[in-house]
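# What the coordinates show
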Amino acid sequence: MQRIYFDNAATTSLDPQVLEVMMPFLTEKFGNPSSIYSYGREGRLAIEHARKTVAKVLHAHPAEIFFTSGGTESSNTAITASVRDLGCKHIITSPLEHHATLHTVDHLHKKGEAKLSYVQVLPNGHIDLDDLENLLAKSEEKCLVTLMHANNEIGNILDMRAVGELCKLYGAIFHSDTVQTVGHFPFDLRNTPVHFITGSSHKFHGPKGAGILYINENVKILPYIHGGSQERNMRAGTENIYGIVGFAKALELATQNHDEESGYIKSLKIYMYEQLKKNIKPVSFNGDALGRSLYTVLSVSFPKTEKSEMILFNLDINHICASGGSACTSGVEQGSHVIRAINNNPNQVTVRFSFSKNNTKEEIDMVVDKLKELI
């Protein structure tokens, strides 16, 4: 039976064009980019070309782009450096963040390195900006504000510019986890008041294990990983050349086709929203589903019944891939902290469907038909 993949917020398939540019660096162009001979220099040139490509797409300077293993490492680096190197003794975040952020800030707080505050969340899942300003205004210490651009479970989009302007007003450092939006959203970092953003290429049809950390040129931090002088002394370790080249190509492709692909994917999300409302009652949607929300993600709550409690398992048996929230708990079902924070209804079961350019309306029809049997 055909597999239907509706978990693109967890990871996407590798674009064949991306694999094509990666292959030479997996085979004959295997030189270490730190080596001075031609094979090494070839790798170094590829990395710097990729850096320029990424910087151009994000409207940043190449010197502000650092390649990492992915969003988790990038967020850990930015948050830890803000406390250790930039004097931030008060961290302001939200209960809706990815665990890469939540576990890092909790670790720093428990070690006594920073005070920790959580900004209030509105019923629709958006951050309460008035409460954020209140926390910043009351703080006696320099603050780090770490808030994600688009939530990976419900899709709500943060007004980065508004948060950045607040941070500027109160002298705070601003880090945004943009893993769900780099490759899906147009950035102009030259005109966005943010100190750190993150990206991970497997969210937009690039390879796993390749990410970026943008560090604004006005920010000076120390390395998080020590050893060699790679990444301009910022991240030790032999570079993942094929991953870096793949990241840049995937981002380039995503940008070239953004208007067409984002419009198509949004039409799939709206179509599924409408079909679920029409065919399954009662059904509800989490966050600001058709408002200020990422076009790739639809979070749906179904009534809890004996049948629906096993919904993810039953979808899997029927070759349908979806998730109960984030996939980053390694398959351990502990319930979603995001859904608990905005919709703590024990009589509902939540499923996240997330779409890509490779999905179709026919697949949605098949999934909705199957859900009618399973609910």
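Scroll up to find the structure.
What you are looking at is a predicted structure, and each value in this text was computed from that prediction instead of being measured. (Residues numbered from 1 in each chain as written. Predicted model: local features only at pLDDT ≥ 70, side-chain atom pairs only at ≥ 80, totals over all residues. Heavy atoms only, no water.)

## A few points about the packing of aromatic side chains
We count it as follows: Classification of ring pairs rests on two measures: the distance between centres of Phe, Tyr or Trp rings, Trp counted by its six-membered ring, which must be within 6.5 Å, and the angle between planes, read as stacked under 30 degrees, edge-to-face over 60 and tilted in between. Using a 1.4 Å probe on the protein chains alone, a residue whose accessible area is under 20% of its type maximum counts as buried, one over 50% counts as exposed, and one in between counts as partly exposed. Any Lys NZ or Arg CZ found within 6 Å of a ring centre and within 35 degrees of that ring's normal is scored as a charge over the ring.
Applying the stated rule across the entire model yields seven aromatic pairs. Where phenylalanine 30 meets tyrosine 39, the ring centres are 6.4 Å apart and the plane angle is 50 degrees; that geometry is what we call tilted. Relative accessible area serves as the criterion here: at 63%, phenylalanine 30 is assigned to the exposed category. By the ring-pair criterion, three or more aromatic residues cluster together here, those being Phe6, Phe353 and Phe355. Across the ring face of tyrosine 271, the terminal group of lysine 361 is positioned such that the distance to the ring centre comes to 5.1 Å.

## Quick look at the pairing of strand β12 (residues 348-354)
Stated formally: Only runs of H or I of at least four residues qualify as helices and only runs of E of at least two qualify as strands under DSSP, and these elements are numbered from the N terminus. Note on pairing: two strands pair once DSSP finds at least 2 bridges between them.
Judged by how many residues are buried, β12 sits mostly within the fold: six of seven residues are covered. Judged from the seven bridges that link them, strand β10 (residues 297-303) and β12 form a sheet pairing that is antiparallel. Residue pairing across strands places serine 301 opposite threonine 350, the latter belonging to β12.

## Quick word on the packing of helix α1 (residues 16-26) against helix α8 (residues 241-256)
Heads up, the rule is: Where helices are involved, their axes are fitted lines through C-alpha atoms of the stretch in contact, as for all axes, and angles between N-to-C directions lie from 0 to 180°. Under this scheme an angle from 65 to 115 degrees is roughly perpendicular, one under 35 degrees roughly parallel, and one over 145 degrees roughly antiparallel; angles in between are oblique. Crossing handedness follows the turn of the near helix against the far one: under a right angle anticlockwise gives a left-handed crossing, and clockwise gives a right-handed one. We call two residues in contact when some of their heavy atoms are within 4.5 Å.
Two elements in contact, α1 and α8, have axes separated by 8 Å at closest approach and are oriented at 160 degrees. In terms of their interaxial angle, α1 and α8 are classed as roughly antiparallel. Where α1 crosses over α8, the handedness of that crossing is right-handed. Between α1, through Gln17, Val18, Val21, Met22, Phe25 and Leu26, and α8, the contact on the second element is made entirely by Ile241, Tyr242, Val245, Gly246, Lys249, Ala250 and Leu253.

## Regarding the side chain of asparagine 8
How we decide: Between N or O atoms, a polar contact is any pair within 3.5 Å; within protein, one atom must be a potential hydrogen donor and the other a potential acceptor, and residues adjacent in sequence are included only when both atoms are from side chains.
Looking at where asparagine 8 falls in the secondary structure, it is placed in the loop between β1 (4-5) and α1. A relative accessible area of 7% places asparagine 8 in the buried class. Among the polar contacts made by the side chain of asparagine 8, one reaches the side chain of asparagine 359 at a distance of 3.2 Å. Among residues more than four places away in sequence, those in contact with asparagine 8 are Ser354, Phe355, Ser356 and Asn359.

## Thoughts on the sheet that holds strand β3 (residues 90-93)
An order of β2-β8-β7-β6-β5-β3-β4 is seen for the seven strands of this open sheet, with the pairing classed as mixed. Strand pairing shows two members of the sheet lacking a second neighbour, β2 (65-68) and β4 (115-118), which therefore form its edges. Within the sheet, the average angular offset between the axes of one strand and its neighbour, ignoring direction, is 20 degrees. Contacting β2, β3, β5 (143-146), β6 (173-176), β7 (196-200) and β8 (211-215), helix α3 (residues 71-84) crosses the sheet at an angle of about 165 degrees to β7.

## Remarks on the packing of α3 against helix α4 (residues 99-110)
Viewed as axis vectors pointing N to C, α3 and α4 meet at an angle of 30 degrees, and their least axial separation amounts to 9 Å. Between α3 and α4, the interaxial angle falls into the category roughly parallel. The two elements α3 and α4 meet at a crossing, and its hand is right-handed. Note on element contacts: α4 touches α3 through Ala100, Thr101, Thr104, Val105 and Leu108, opposite Thr72, Ser75, Asn76, Ile79, Thr80 and Val83.

## A short note on the sheet that holds strand β9 (residues 284-285)
Hydrogen bonds between backbone atoms are what pair the strands of a sheet, whose relative direction is either parallel or antiparallel. Strand order across the open sheet formed by three strands is β9-β10-β12, with antiparallel pairing between neighbours. Because the sheet does not close on itself, it has two edges, and the strands there are β9 and β12. Helix α9 (residues 258-279) contacts β9, β10 and β12 of the sheet and is inclined by roughly 10 degrees relative to β10.

## Quick word on the pattern of salt bridges
Where we set the bar: A pair is scored as a salt bridge if a Lys or Arg side-chain nitrogen falls within 4 Å of a carboxyl oxygen belonging to Asp or Glu.
Summed over the entire model, instances satisfying the criterion amount to 16 salt bridges. Residue arginine 352 pairs with aspartate 7 through a salt bridge whose shortest N-O separation is 3.0 Å. With arginine 352 in strand β12 and aspartate 7 in the loop between β1 and α1, this residue pair connects regions lying 345 residues apart in the sequence. Note on accessibility: arginine 352 and aspartate 7 belong to one class, buried. With a closest N to O distance of 2.8 Å, arginine 51 and glutamate 231 form a salt bridge. Separated by 180 residues along the polypeptide, arginine 51 in helix α2 (residues 38-58) and glutamate 231 in helix α7 (residues 230-233) bring together distant segments of the chain.

## So, the side chain of asparagine 151
Secondary-structure assignment places asparagine 151 in the loop between β5 and α6 (160-169). Reaching out from asparagine 151, the side chain makes a polar contact with the backbone nitrogen of isoleucine 154 at a distance of 3.0 Å. Ignoring sequence-local partners within four residues, the contact set of asparagine 151 consists of Leu96, Asn156 and Val338.

## With respect to the nonpolar core
When a protein is soluble and globular, its nonpolar side chains tend to lie buried together. Under the convention used in this document: Only buried residues count toward a nonpolar core, which is a set of Ala, Val, Leu, Ile, Met, Phe, Trp, Tyr and Cys residues joined through side-chain atoms within 4.5 Å.
With 46 residues, the main nonpolar core has Val54, Ile65, Leu132 and Val145 as its most contacted residues. Going through the elements one at a time, α1, α2, β2, α5 (129-138), β5, α6, β8 and α8 are the ones with two or more residues in this core. Among the elements that make up this core, the one with the highest residue count is α8 (eight residues). With residues up to four places along the chain from it excluded, the contact list for valine 54 reads Ile65, Phe67, Ile212, Phe247, Ala248 and Leu251. Ile280, Val368, Leu371 and Leu374 belong to the second largest nonpolar core, which has 34 residues in total.

## Some details on α2
Definition in use: To estimate the expected span of a helix, count its residues, drop one, and scale the result by 1.5 Å.
Between its terminal C-alpha atoms α2 stretches 30 Å, which fits the 30 Å expected from 21 residues at 1.5 Å a residue. For α2, the set of buried residues is Gly40, Gly43, Ala46, Ile47, Ala50, Arg51, Thr53, Val54, Ala55, Val57 and Leu58. Contact partners of the buried residues in α2: α1, β2, β8, α7 and α8.

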